[in-house]
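Report on the structure
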Number of protein chains: 2
Amino acid sequence: MRIGELGAAAGVEVETIRYYEKRGLLPEPGRGANGYRMYAQTHLERLAFIRHCRALDMSLDDIGRLLELTAHPEAECRDVGRLIDGQLIRVRERLNSLHALERQLQFLRARCSSREQTGNCGILHELIAASQGEPCVCHSTEEKAKSRRICGSTGFYCKR
Amino acid sequence: MRIGELGAAAGVEVETIRYYEKRGLLPEPGRGANGYRMYAQTHLERLAFIRHCRALDMSLDDIGRLLELTAHPEAECRDVGRLIDGQLIRVRERLNSLHALERQLQFLRARCSSREQTGNCGILHELIAASQGEPCVCHSTEEKAKSRRICGSTGFYCKR
DNA sequence: AAAAACCCTGTAGTCGCTACAGGGTCAAGG
DNA sequence: CCTTGACCCTGTAGCGACTACAGGGTTTTT
């Protein structure tokens, strides 16, 4: 089948399929006389595998590692387990930080009465006071110290 | 103070500071005769404000909107509240999806006994079976349908 | 004086996609 | 047969929030 059919079968964009091939996750398919990619059922299964792992929020690098392990039956199951464990740890860490963040935002949200102008806005007061070194309601001292090491919005794939 | 001092005072990389300036979040500072940026206390406060909002996982665009509101005391407090509300919604949505993901990974993790080789690995069996169209333990039918619309790892800043 | 640290602008890269640009191929309809 | 629209190709660029150079100038430390 052609790339559009593969994409439709797996619910994946054509560009994403080409991206995975470029990344080495999907093997290069054969080509027709017109240069079009011709995919087999095995490609669909590989793509489904990848998408399944992506649904588990695994990085493409980790998925590549899993695929390597699949290709080597003598490798230990524990290596697979390690990848899943790593992912679980990351998920839990992110859950913790998001729970804290939710609490912080709720505190902050409670400061706004909706009827005032920003000159009297409790939220902005809090944010501005915090930027001037005063304690703020949305961060405890410990959490405030931690927030100095912002990791950005990417969560799982923090570079450091 | 120079950019390195500002960065040290706020716990921010020099490149990030320049990035914020390029993004228009930080006002351009004056320059010395040598072309070096010379920052005032107000810059430090603005930077702290930005970092505080980043700690609340707000996007730079939203932070820019907040700064605009700060600059216009006649604007309504409810506009600020709206930004925080939007952020709260995003945090909660992300929490929900991560909880589901944690459950899925736990199910999957339970399949690995650690002593086997990947040829008999329960995790891989699950992932491979799922890629071949069989039901899997880590996704209920409903969740599996949803996972076809993978949003990627960026969570908050999903384009669609 | 030399070396190290700091600064500058501009560019490129990370992650996982997504969206073109420019051009070729195929199938359906007039 | 011709036209049109859908599909395909490769290559490049962009998103968000940074981070890391490259190449060169300035300041501080040894």
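Every chain begins its residue count from 1, and numbering advances along the sequence as written. Both sets of labels track the order of writing: A upward for chains, 1 upward for ligands. Residues qualify for local features only when their pLDDT is at least 70, as the model is predicted, and side-chain atom pairs are given and counted only at 80 or more; totals for whole chains, interfaces and linings, by contrast, use all residues. Side-chain descriptors were evaluated using all non-hydrogen atoms of the structure, hydrogens and water having been removed beforehand.

As recorded in an unreviewed UniProt entry, chain A goes by Transcriptional regulator, MerR family and comes from Imhoffiella purpurea.

Structural notes on the overall build of chain A
Quick reminder of the rule: Think of it this way: any DSSP run of H or I at least four residues long counts as a helix, any run of E at least two long counts as a strand, and we number them from the N terminus. Three exposure classes are used, based on accessible area relative to the maximum for each residue type with a 1.4 Å probe and protein chains only: buried under 20%, partly exposed in between, and exposed over 50%. Contacts were defined at the residue level, with two residues in contact if any of their heavy atoms lie within 4.5 Å.
The number of helices and strands found in chain A is seven helices and two strands. Along chain A, helices and strands appear, N-terminal first, in the series α-α-β-β-α-α-α-α-α. The burial tally for chain A puts 44% of its 160 residues in the buried class. Of the contacts formed within chain A by residues at least 6 apart in sequence, a portion of 46% connects residues at least 24 apart.

Points about the packing of helix H4 (residues 60–71) of chain A against helix H5 (residues 77–109) of chain A
All names here are of chain A. Keep this limit in mind: Helix axes are fitted only over the stretch in contact, all axes being lines through C-alpha atoms; the angle between N-to-C directions runs from 0 to 180 degrees. Here the word oblique covers every angle except those under 35 degrees (roughly parallel), over 145 (roughly antiparallel) and from 65 to 115 (roughly perpendicular). What makes a crossing left-handed is the near helix being turned counterclockwise from the far one by less than a right angle; a clockwise turn instead makes it right-handed. Under the convention adopted here, Pro, Cys and the residues Ala, Val, Leu, Ile, Met, Phe, Trp and Tyr are nonpolar, Asp, Glu, Lys and Arg are charged, and Gly plus all remaining residues are polar.
Packing of H4 against H5 leaves a shortest axis separation of 9 Å and a crossing angle of 160°. The angle between H4 and H5 places the two elements in the roughly antiparallel class. The way H4 lies across H5 gives a crossing that is left-handed. In contact with Asp62, Arg65, Leu66 and Leu69 of H4, H5 contributes Asp79, Val80, Leu83 and Arg90. Here the contact of H4 with H5 is composed, by residue class, of four nonpolar, no polar and four charged.

Re the packing of helix H1 (residues 3–10) of chain A against helix H3 (residues 41–55) of chain A
All names here are of chain A. Contact geometry of H1 with H3 gives a least axis separation of 10 Å together with a crossing angle of 45°. One element, H1, and the other, H3, form an angle in the oblique class. Remark: the crossing between H1 and H3 carries right-handed chirality. Across the interface between the two elements, Leu6, Ala9 and Ala10 of H1 pack against His43, Leu44 and Leu47 of H3.

Topic: the packing of aromatic side chains
Residue and element names in this part refer to chain A. For the record, the criterion: Pairing of aromatic side chains here covers Phe, Tyr and the six-membered ring of Trp, requires ring centres within 6.5 Å, and sorts the geometry by plane angle: under 30 degrees stacked, over 60 edge-to-face, intermediate tilted.
All told, the structure shown has two aromatic pairs over all chains when counted by the stated rule. Relative to Tyr20, the ring of Tyr19 lies with its centre 6.2 Å away and its plane at 45°, an arrangement referred to as tilted. Classification of Tyr19 as partly exposed rests on a relative accessible area of 41%. Tyr20 gets classed as buried once you look at its relative accessible area, which sits at 3%.

Remarks on the pattern of salt bridges
Residues and elements named next belong to chain A. For clarity, the cut-off: Only one rule defines a salt bridge in this text: a Lys or Arg side-chain nitrogen within 4 Å of an Asp or Glu carboxyl oxygen.
As enumerated under the stated definition, the model contains 16 salt bridges over all chains in all. With a shortest N-O distance of 2.9 Å, Arg37 and Glu21 are connected by a salt bridge. In this pair, Arg37 is assigned in strand E2 (residues 37–38) and Glu21 in helix H2 (residues 14–22), connecting sequence segments 16 residues apart. Taken individually, Arg37 and Glu21 each receive the classification buried, so the pair is uniform in this respect. The shortest N-O distance in the salt bridge between Asp61 and Arg23 comes to 2.9 Å. Of this pair, Asp61 sits in helix H4 while Arg23 sits in the loop between H2 and strand E1 (30–31), and the two are 38 residues apart along the sequence. For Asp61, a relative accessible area of 46% puts it in the partly exposed group. A relative accessible area of 37% means that Arg23 is categorised as partly exposed. One continuous salt-bridge network, built from bridges that share partners, spans Asp62, Arg65 and Arg90.

Considerations on the UniProt feature "domain: HTH merR-type" (unreviewed entry) in chain A
Rules: UniProt positions are given in the numbering used here, feature names are shortened, and annotations may be inferred rather than shown by experiment.
The positions that UniProt labels "domain: HTH merR-type" (unreviewed entry) are, in the present scheme, residues 1–69 of chain A. Within the segment residues 1–69 of chain A, helix and strand shares are 61% and 6% respectively, and the terminal C-alpha atoms sit 27 Å apart.

Describing the domain arrangement of chain A
Keep this limit in mind: Where a domain begins and ends is set by an automatic assignment or by a domain database.
Domain parsing of chain A yields domain 1 (3–58) and domain 2 (77–132). Relative to domain 2 of chain A, the C-alpha centre of domain 1 of chain A lies at a distance of 37 Å.

So, the side chain of Ser59 of chain A
With respect to the helices and strands, the residue Ser59 of chain A is situated in the loop between H3 and H4. What makes Ser59 of chain A buried here is its relative accessible area of 15%.

Remarks on the confidence of the model for chain A
All names here are of chain A. What counts is decided by this rule: The pLDDT value tells you how sure the predictor is about a given residue, anywhere from 0 up to 100.
Residues of chain A with pLDDT of at least 70 account for 76%, and the chain-wide mean is 80. Confidence over residues 140–160 falls short of pLDDT 50; this stretch has 40 contacts with residues more than four positions distant or in other chains. Confidence estimates for the predicted assembly give a pTM of 0.80 and an ipTM of 0.80.

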